[in-house]
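Commentary on secondary and tertiary structure
Take a look at the letters that make up each chain.
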Amino acid sequence: MGQIKQSDKVNKLFEINHLLTTSLDIGVVLRTLVEEARNLLEVSDTVILYLYDREDNVLRVAEGVGIDIEVMRQIAFVPGESLTGKAYAERKSYLFAEEDILKQNMANMSPENYQAYFEGVYRRHIKSAFSVPLLYQDECLGVLIVDNFENDGQFTDDDIRIIEIIANQSAIAIVHSNLFEDLKKKNDQLMQSIDIHEKFTKAILDGGGIDTILALLSRILAVQVKFQDENLESTSTEYPIIRGRETLGSIYIGKDINTLSPLEVVAVEHASTALALELVKINALYEKELHFREEVFQQMIEGISYGEFKRVQNYVNWNSDSELVCVVLEGKHNPLWKSDSLLDKEKFIRSLENICQNISNSTFILSRTYQAILIIPVTSEKVVDLIVHKISDQWKKQKDMIFGMGRKVTVGKLGDSYREALDAVRFGKTSGDRFVDYSNLGFERLLQNVDPSTLSLFVDDKMGPLLSMEPIYIETLGVFIRLNKNHKRTAEHLHVHPNTLYQRIKKMERLMNISFDREVDWINLMIAYNLYVTSHNA
């Protein structure tokens, strides 16, 4: 190669500057840099460009001439390693004109990097070299290395100055190219994101439902996805479906979310939003259905004519002579569902429907305030108990419920069974019983609609003095009542001598000024005692 005149070098620098600044293609910029750098130097055999990898904190080969670039791509210099790492770490150019200095500065090269380098330069031994950092403001983007393997000439300071000029121009061009590539990439992602958003929006507007949304997401991710309505423990393979502060369920993706591309994550996010909207829509329709059921139920408990019954007969699937039992479910201490949860009520009522579907599919189920109401056609002796206990078994760990059951009636008397079921629930709340069948209640039926203060006064009047005595007397009276005034069995149950029991009974009679043998006194005392026990178990 003949010597290049100084004026030609200046003109060439202008041409290179033009080439670097007119292209935003990073590949064109890098190729121009290494090719034109070698063209300007008489003794160069190879020009290698290393760019800094922020993620791994190493310098990797980005472009080069006079080398086997595929082999060289295996190199990963850490800052300070070999000629390249030295120029990067110290942010300055270095000229290595003597072989012993070259060997000294290449001595810290790792065996793996040296092997890749030696094979990449076709097993040649370097005679001289220089390194120039690519600096942009306070940042070093990489290093340009120029090697001489076969020429007898030497690199000069002018050679370094020329390559520094090209390096500075290239640094600016690389930054601009990277900015352009980032902008182009973000724009492409935005357009793809908009396209994904439009697809999910169309799926919602077309009324495809949950299955259509999941099918669309499966195509985008090329993996089977599922909707899970249970609030399971969050994992890396599930993406939550959130509305406000409530988690409505999750999308099971089948692979780690962290392995998804940014665009795939966008697709999952859009799918989650679409599913949330779909679940809200389904819930709104279900609430409308429950409201309609409540209207039908209200008509029936108010008394329905034969003509009106025929109008709703297909909906309830009963005959006019069907025997029905009303069952009311209510939380003992807390509501059956959370008022601030969108799906809590729906999930609970739907679970009742699923249970009844397998036992008595003609059961009419509705909600009223915080109660669940079941109207069960009595098709067998066991059907009501079977449904009630199935519900209890499924929900006993999550909800503390009371079941109130009215008597068996025909459609025209449904209001009576409903009111009886409400009375049974009220009794259960005071007695502590979880299952209360109104037909099994005794005098308790008569007390359900009596003012509590009246009952409290009755207890105080009939057994007030006993309440101030030692607790053993209340216990003794309770056992005596349960064992139907049997003195021998009561004494045995209490593990006391019959004379001790006799003395306790006489003391109670004397303080309350009554006789246990007088029928009216005994009846009043039993009622007062049961009222006292009921109120203290509430």
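Conventions we followed
- Just so you know, the residues in each chain are numbered from 1, in the order the chain's sequence is written.
- The predicted origin of the model limits local features to residues at a pLDDT of at least 70 and limits the giving and counting of side-chain atom pairs to 80 or more, whereas totals for whole chains, interfaces and linings rest on all residues.
- With hydrogens and water excluded, all non-hydrogen atoms of the structure serve as input to the side-chain values.
- Working definition: helices are DSSP H or I runs of at least four residues, strands are E runs of at least two. Numbering for both runs from the N terminus.
- Working definition: with a 1.4 Å probe on protein chains only, accessible area under 20% of the residue-type maximum means buried, over 50% means exposed, and in between means partly exposed.
- Charged residues are defined here as Lys and Arg on the positive side and Asp and Glu on the negative side; His and the ends of the chain fall outside this count.
- One speaks of a salt bridge when a side-chain nitrogen belonging to Lys or Arg is within 4 Å of a carboxyl oxygen belonging to Asp or Glu.
- Polar contacts here mean pairs of N or O atoms no more than 3.5 Å apart (in protein, one a potential hydrogen donor and the other a potential acceptor; neighbouring residues in sequence count only if both atoms are side-chain atoms).
- By definition in these notes, contact holds between two residues if any of their heavy atoms fall within 4.5 Å.
- Every angle, taken between N-to-C directions, lies between 0 and 180 degrees, and every axis is a line fitted to C-alpha atoms, over only the stretch in contact when it is a helix.
- Here the word oblique covers every angle except those under 35 degrees (roughly parallel), over 145 (roughly antiparallel) and from 65 to 115 (roughly perpendicular).
- Each crossing is labelled by how the near helix is turned from the far one, with a counterclockwise turn of less than a right angle marking it left-handed and a clockwise turn marking it right-handed.
- Asp, Glu, Lys and Arg are counted as charged, while Ala, Val, Leu, Ile, Met, Phe, Trp, Tyr, Cys and Pro are counted as nonpolar; the rest, among them Gly, fall into the polar class.
- Between 30 and 60 degrees the pair is tilted, below 30 it is stacked and above 60 it is edge-to-face, where a pair is any two Phe, Tyr or Trp rings, Trp via its six-membered ring, whose centres lie within 6.5 Å.
- Note on pairing: DSSP must find at least two bridges between two strands before they are called paired.
- Multiplying 1.5 Å by the residue count of a helix minus one yields the expected span of that helix.
- The arc in question is the one spanned by the directions pointing from the helix axis to the C-beta atoms.

1. Brief notes about the side chain of Asp45
Inspection of the secondary structure assignment puts Asp45 in the loop between α2 (26-40) and β1 (46-53). It is Arg124 that comes nearest to the buried, bridge-free Asp45 among opposite-charge side chains, at 5.0 Å. A polar atom in the side chain of Asp45 sits 3.2 Å from the side chain of Asn151. Here Asp45 is in contact with Arg38, Val65, Gly66, Arg124, Asp147, Asn148, Phe149, Glu150 and Asn151, once residues within four sequence places are set aside.

2. Side note on the packing of helix α15 (residues 452-467) against helix α18 (residues 498-512)
Their axes nearest at 8 Å, the elements α15 and α18 cross at an angle of 125 degrees. With respect to α18, the element α15 is oriented oblique. The way α15 lies across α18 gives a crossing that is right-handed. Within the contact between the two elements, α15 uses Lys462, Met463, Pro465 and Leu466 and α18 uses Met508, Leu511 and Met512. Per-class residue counts for the contact of α15 with α18 are six nonpolar, no polar and one charged.

3. So, the packing of aromatic side chains
Scanning the model with the defined rule gives 14 aromatic pairs in all. On the basis of an interplanar angle of 85 degrees and a centroid distance of 6.1 Å, the ring pair of Trp318 and Phe364 is categorised as edge-to-face. With Trp318 in the loop between α10 (306-316) and β9 (324-331) and Phe364 in strand β10 (residues 364-368), the pair connects residues that are 46 residues apart, well separated along the chain. Look at Trp318 and you get buried, because its relative accessible area is 2%. Ring geometry for Trp337 versus Phe348: centroids 6.2 Å apart, planes at 45 degrees, classification tilted.

4. Quick look at the sheet that holds strand β3 (residues 94-96)
Pairing is antiparallel in the open sheet, where five strands are placed in the order β2-β1-β5-β4-β3. Looking at which strands have only one partner, the edges of the open sheet turn out to be β2 (58-65) and β3. Taken over all neighbouring pairs, the strand axes of this sheet differ in orientation by 20 degrees on average, direction set aside. Here strand β4 (residues 128-136) runs beside strand β5 (residues 139-148); their pairing, made up of nine bridges, is antiparallel. The partner of Ala129 across the bridge, within β5, is Asp147.

5. Some remarks on the pattern of salt bridges
Counted under the stated rule, the structure contains 23 salt bridges. Across the salt bridge formed by Arg350 and Glu346, the nearest N and O atoms sit 2.8 Å from each other. Residue Arg350 and its partner Glu346 are located together in helix α11 (residues 344-357), separated by four residues, close to a single helical turn. For Glu346, a relative accessible area of 9% translates into the label buried.

6. Comments concerning the packing of helix α16 (residues 471-482) against α18
Where α16 contacts α18, the axes come no closer than 11 Å and their chain directions differ by 105 degrees. Classified by the angle their axes make, α16 and α18 are roughly perpendicular. Of α18, the residues touching α16 (which contributes Ile472, Tyr473, Thr476, Leu477 and Phe480) are Leu501, Arg504, Ile505, Lys507 and Met508. Of the residues in the contact of α16 with α18, the class split is seven nonpolar, one polar and two charged.

7. So, the pairing of strand β11 (residues 371-377)
In regular strands, side chains alternate between the two faces of the sheet. Along β11, seven of the seven residues are buried, which leaves the element largely enclosed by surrounding structure. Covered by surrounding structure in β11 are Gln371, Ile373, Ile375 and Pro377 together with Ala372, Leu374 and Ile376, the residues of both alternating faces. The pairing of β9 with β11 spans six bridges and is classified as antiparallel. Within β11, the residue paired with Leu329 across the bridge is Ala372. Sheet topology places β10 next to β11; five bridges connect them, and they run antiparallel. Bridge pairing in β11 links Ser367 to Ala372. The turn joining β10 and β11, which pair antiparallel and follow one another in sequence, is formed by two residues; a positive phi near 50 degrees is taken by Thr369.

8. Notes on helix α12 (residues 383-395)
Given a rise of 1.5 Å per residue, 13 residues ought to cover 18 Å, and the 19 Å separating the end C-alpha atoms of α12 matches this to within 8%. Every buried residue belonging to α12 is among Val383, Val384, Ile387, Val388, Ile391, Ser392 and Trp395, and all of these are buried. Mapping the buried residues of α12 onto a view down its axis gives an arc of 165 degrees, with all of them on the same face. In this structure, the buried side of α12 is in contact with β9, α11, β11, β12 (401-405) and β13 (435-437).

So yeah, pure geometry; function would need other evidence.
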